[in-house]
Amino acid sequence: PVTSRDELGVLTESFNSMVAGLREKERIRRTFGQYVDPRIVSGLLDDRLASAVGEKKHMSVFFSDIVGFTGLGEQLAPEGVVRFLNRYFSVMSEPIHDQHGIVDKFIGDAIMAYWGPPFTGEDDHAVLACYAALDQIARLGQFQAMLPDVLGLRRGLPEIGIRIGIATGDVTIGNIGSESIKGFTVIGDTVNLASRLEGVNKAYGTRILISEETRRLAADAIEVRAIDSIRVMGKNESVGIYELLGRGGQLDATTRELRELFEKALGDYRAGSLDAAEQLFRQCLSLRADDGPSRVWLERILHERDHPGTRSPDGVWNMTTK
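## Points about the packing of aromatic side chains
- Counted by the stated rule, this structure contains twelve aromatic pairs.
- With 6.3 Å between their ring centres and 85 degrees between their planes, Phe-119 and Phe-184 make a pair best called edge-to-face. Of this pair, Phe-119 sits in the loop between strand S3 (110-115) and helix H5 (125-138) while Phe-184 sits in strand S5 (residues 182-187); the two residues are 65 residues apart in sequence, bridging distant segments of the chain. Of the two residues, Phe-119 and Phe-184, neither departs from the other in class, the shared state being buried.
- When the centroid spacing of 4.9 Å and the interplanar angle of 65 degrees are considered together, the rings of Tyr-269 and Trp-297 count as edge-to-face. Of this pair, Tyr-269 sits in helix H9 (residues 253-270) while Trp-297 sits in helix H11 (residues 292-306), and the two are 28 residues apart along the sequence.
- Residue classification places Tyr-269 among the buried positions, given a relative accessible area of 6%.
- Its relative accessible area of 3% is what places Trp-297 among the buried residues.
- Site record: aromatic cluster; members linked through ring pairs are Phe-69, Phe-84, Tyr-88, Phe-89, Phe-106 and Phe-143.

## Points about the nonpolar core
- Counting 46 residues, the largest nonpolar core has Phe-84, Ile-210 and Leu-244 as its most contacted members.
- Sort the elements by how many residues they give to this core and H5 lands first, with ten residues.
- Apart from the residues lying within four places of it in its own chain, the contact partners of Ile-210 are Cys-130, Ile-166, Leu-197, Arg-215, Ile-222, Val-224, Gly-240, Ile-241, Tyr-242 and Leu-244.
- Among the nonpolar cores identified, the runner-up in size contains 40 residues, and Phe-63, Tyr-114, Ile-230 and Ala-277 belong to it.

## Notes on H11
- Taking 1.5 Å per residue, 15 residues should reach 21 Å; H11 reaches 21 Å between its end C-alpha atoms and fits that length.
- Taken together, the buried positions of H11 are Gly-292, Pro-293, Ser-294, Val-296, Trp-297, Leu-298, Arg-300, Ile-301 and Glu-304.
- On its buried face, H11 is in contact with helix H7 (189-204), strand S7 (222-231), strand S8 (239-247), H9, helix H10 (274-287) and strand S9 (317-318).

What counts and what doesn't
- Residues numbered from 1 in each chain as written.
- Predicted model: local features only at pLDDT ≥ 70, side-chain atom pairs only at ≥ 80, totals over all residues.
- Heavy atoms only, no water.
- Phe/Tyr/Trp six-rings, centres within 6.5 Å; stacked < 30°, edge-to-face > 60°.
- Helix = DSSP H or I, 4+ residues; strand = E, 2+ residues; numbered from the N terminus.
- Buried < 20%, exposed > 50% of the residue type's maximum accessible area, 1.4 Å probe, protein only.
- Core = buried A, V, L, I, M, F, W, Y, C linked by side-chain atoms within 4.5 Å.
- Contact = heavy atoms within 4.5 Å.
- Expected span 1.5 Å × (residues − 1).

Here it is in structure tokens:
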């Protein structure tokens, strides 16, 4: 309390004003930290992220989506959809935060996130994005166990699956929007590619696909399987895609054997040895009957036998859907 009108009283009033300002700033951080990553809120409040011109940075971008959510949403009442998504986003955002990523936005049932400077190091963002993806898959069981309480059902519970795409490359990052409404976000071809890779999982029966640049930067920190070389809709350049299998050195014996057989079969196919490739892809399916990539490549071989000359001359598979 101010108890005098001398210099001490003036100092007390100044101190009180400073404390009130700090409390208000902290309240803003807490409130907007629920809607935007606290690191972005702090950066904007401290004028460290207020660039209106944008910057080009090398980053990793991540998209994840729930398999078959449209059908599930049609079965639930509106309040059930909201409860489901709120709990899902809470559970699936944790791995992103734990791996120092930025949750950019929720789009329907999808999550967009990114890693890179100034929020992470220049060399570790690909690894962190991959670890977050693996951790999301690992938490599916935890989320599945929550569904009875979330939906108020004991029978007929949906089986929840997700698909994830990760791409690494140059992006433009900055405050983007109108004069009245802006968002601190990333845009560019790398963002589009990550979104496309999430969808490409549907074609190959995979759960996590990453770009060639993501694999290169993450290196031995992750285990991958080469899947294909594709050209996604809207892009002229081809990109090698890889299935993310696990953290470095953490594959079981069956998955290691499957990867070895699959990649040898892929090499035989590209060398024109269709019979050898077919035999190896069938061995892959004998190891894991539901292996989507082996099934896809086997179907391509059978189709090529029935329709000679249909193989792409550059060995790139053109994706016709998003």
